[in-house]
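Residues per chain, in single letters:
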Amino acid sequence: MSGGNRQVFSSVVESVAARTDPDIDVSNIHDDRRSSGSKASTSNSEDDSPHVPVLLDEVLSTFQGRPMRIFVDGTLGAGGHSAAVLTQHPNMQLLIGIDKDPVAHSIAQKRLEQAKSDTHSSVTLRHVLGDFRGMKGYLDQAEGGAAAGAVSAILLDLGMSSMQVDTAERGFSFAQDGPLDMRMGPSAVASAEEIVNSWSEADLGRIFREYGEERAWRRIASKIVEVREQKPIRTTLQLAAAIGFQGRSRRTTPRRPGTKQIHPATRVFQALRIAVNDELGALEMAIPDAIESLEPGGRLAIISFHSLEDRAVKWAFLRAAGRATPEEEEHGPRWQMAGLDGASGNRPAIGQILTKRPVLAQEQEAARNPRSRSAKLRVLEKL
Ligand SMILES: C[S@@+](CC[C@H](N)C(=O)[O-])C[C@H]1O[C@@H](n2cnc3c(N)ncnc32)[C@H](O)[C@@H]1O
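It should be emphasised that the depicted structure is a prediction, and the values quoted were computed from it without experimental measurement.

Each value, and the rule that gives it
- Residues numbered from 1 in each chain as written.
- Predicted model: local features only at pLDDT ≥ 70, side-chain atom pairs only at ≥ 80, totals over all residues.
- Heavy atoms only, no water.
- Phe/Tyr/Trp six-rings, centres within 6.5 Å; stacked < 30°, edge-to-face > 60°.
- Buried < 20%, exposed > 50% of the residue type's maximum accessible area, 1.4 Å probe, protein only.
- Helix = DSSP H or I, 4+ residues; strand = E, 2+ residues; numbered from the N terminus.
- Lys NZ or Arg CZ within 6 Å of the ring centre and 35° of its normal.
- Expected span 1.5 Å × (residues − 1).
- Bend = angle between axes of the 7 residues up to and from the residue.
- Polar contact = N/O pair within 3.5 Å; in protein donor to acceptor, adjacent residues only side chain to side chain.
- Near = heavy atom within 4 Å.
- Areas by Shrake-Rupley, 256 points an atom, 1.4 Å probe, with all protein chains shown as cover.
- Salt bridge = Lys/Arg side-chain N within 4 Å of Asp/Glu carboxyl O.

**Some points on the packing of aromatic side chains**
Working step 1: Counted under the stated rule, the structure contains 2 aromatic pairs.
Working step 2: Pairing Phe 63 with Phe 71 gives two aromatic rings, centres 5.8 Å apart and planes at 65°, and the pair type is edge-to-face.
Working step 3: Assessed through its relative accessible area of 0%, Phe 71 is described here as buried.
Working step 4: Between Phe 174 and Phe 269, the aromatic rings sit 5.0 Å apart at their centres with planes inclined by 65°, giving edge-to-face as the arrangement. Here Phe 269 lies in helix H12 (residues 266-277) and Phe 174 lies in the loop between helix H7 (162-166) and helix H8 (192-198), a separation of 95 residues in the sequence. The exposure classification of Phe 174 matches that of Phe 269, with both residues buried.
Working step 5: Over the face of the ring belonging to Trp 217 we find Arg 209, whose NZ or CZ atom lies 4.8 Å from the ring centre.

**Let's talk about helix H5 (residues 102-118)**
Working step 1: A rise of 1.5 Å per residue sets the reference length of H5, with its 17 residues, at 24 Å; its end C-alpha atoms lie 25 Å apart and thus fit the reference within 8%.
Working step 2: The largest bend in H5 is about 25°, located at Ala 108.
Working step 3: Within H5, 13 of the 17 residues are buried, leaving the element largely enclosed by the surrounding structure.
Working step 4: Two to three positions downstream of the cap, the backbone nitrogen of Val 103 sits 2.9 Å from a side-chain oxygen, assigning the N-cap of H5 to Asp 101.

**Observations concerning the site of the ligand**
Working step 1: Taken together, 25 residues form the shell around the ligand, and within it His 81, Asp 99, Phe 132, Asp 157 and Gln 164 come nearest.
Working step 2: Between the ligand and the protein, one listed contact pairs an oxygen atom with a backbone N or O atom of Gly 79 at 3.3 Å.
Working step 3: A distance of 2.7 Å separates an oxygen atom of the ligand from a polar side-chain atom of Asp 99.
Working step 4: In isolation the ligand has 610 Å² of accessible area, and contact with the protein removes 99% of it.

**Notes on the pattern of salt bridges**
Two side chains bearing opposite charge may form a pair once their charged atoms approach each other closely.
Working step 1: Evaluation of the coordinates by the stated rule reveals 17 salt bridges.
Working step 2: Between Asp 181 and Arg 183 there is a salt bridge, with the nearest N and O atoms lying 2.7 Å from each other.
Working step 3: Classification of Arg 183 as buried rests on a relative accessible area of 1%.
Working step 4: Connected via shared salt-bridge partners are Lys 100, Asp 131, Arg 133 and Asp 278.

If you want it as structure tokens, here you go:
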């Protein structure tokens, strides 16, 4: 990231950055002497949460009645899932919360301390400001390596938090104007603004096609290049206008049988966000390492929000279970998982898939929380 960009990012999160050193990967920021001073709340209450955890009951059922010594939340966010898992397992010894966004840690920290205090738990809380793709390294460092290969459960709840989407200055949403940023954390190599204004038309087209699954990728990439030649595209609404959609427009893509109506700019923004944060690269790297980090019987639960992520999870789990067909192996070169190569045929399965089909939100949750409508939960148990 350039110095200028780092500065912009820092100003958005300055109140948090002042308390969090981005160079420290593993830092125990739990302090028993500090009183959270927050109003009493049940750890999984939704009333005052800036982000409502999706499929919470389903995640809790996944871990219910299981030994839970060490829990790793790779996408801590506002800590809603973690606080609820801690409440469910107050005898837990170590909870490691990873998030690349410093804002998430500042919110989750209070929540987890509250859950710890409410349940009289003696759990050690560790916060890692970093990418979950480095999970194995963090675990090797944590507790003198005692956590490596001994984790009881891991949760990845992918994508953005409501705090990120709802903060205009973070630039994730075309529903409000803001700088075209989209970085989840300071480690991202480029902002959306840099990508939109400097990548070649071919590279822009590629991400709109691959990450946005946008059929009009060619036209949109060409339009962006045409507009930026006149004037750089700096804000979310400028981008929406450049590609021919006004941010607050009610226009949606035509409804086709079996498809959801979505705002036309959604796919372009999704593609940029995935590229900025290398979301699929992180997932590809993390799944084999996460499985390796589990103890036998440990569970890996992953919630995804779009088909590319879900496909990556599904195929990685099939490989781990030794059940990927040669066709699936062949058609999935993008999802070759180094740690799982050869799982089918050449070596025994290392996991068992517990979700034959992905678990979806119940009607009530879908009505209450629109984010949950595209959520899919898959679970693997380490053998
Ligand atoms: C959907 S939110 C998680 C919400 C959380 N489960 C809760 O209950 O509040 C996803 C979070 O994961 C973080 N994130 C996404 N990709 C990440 C990655 N590769 N490494 C670390 N954190 C990541 C985002 O910054 C965001 O805070």
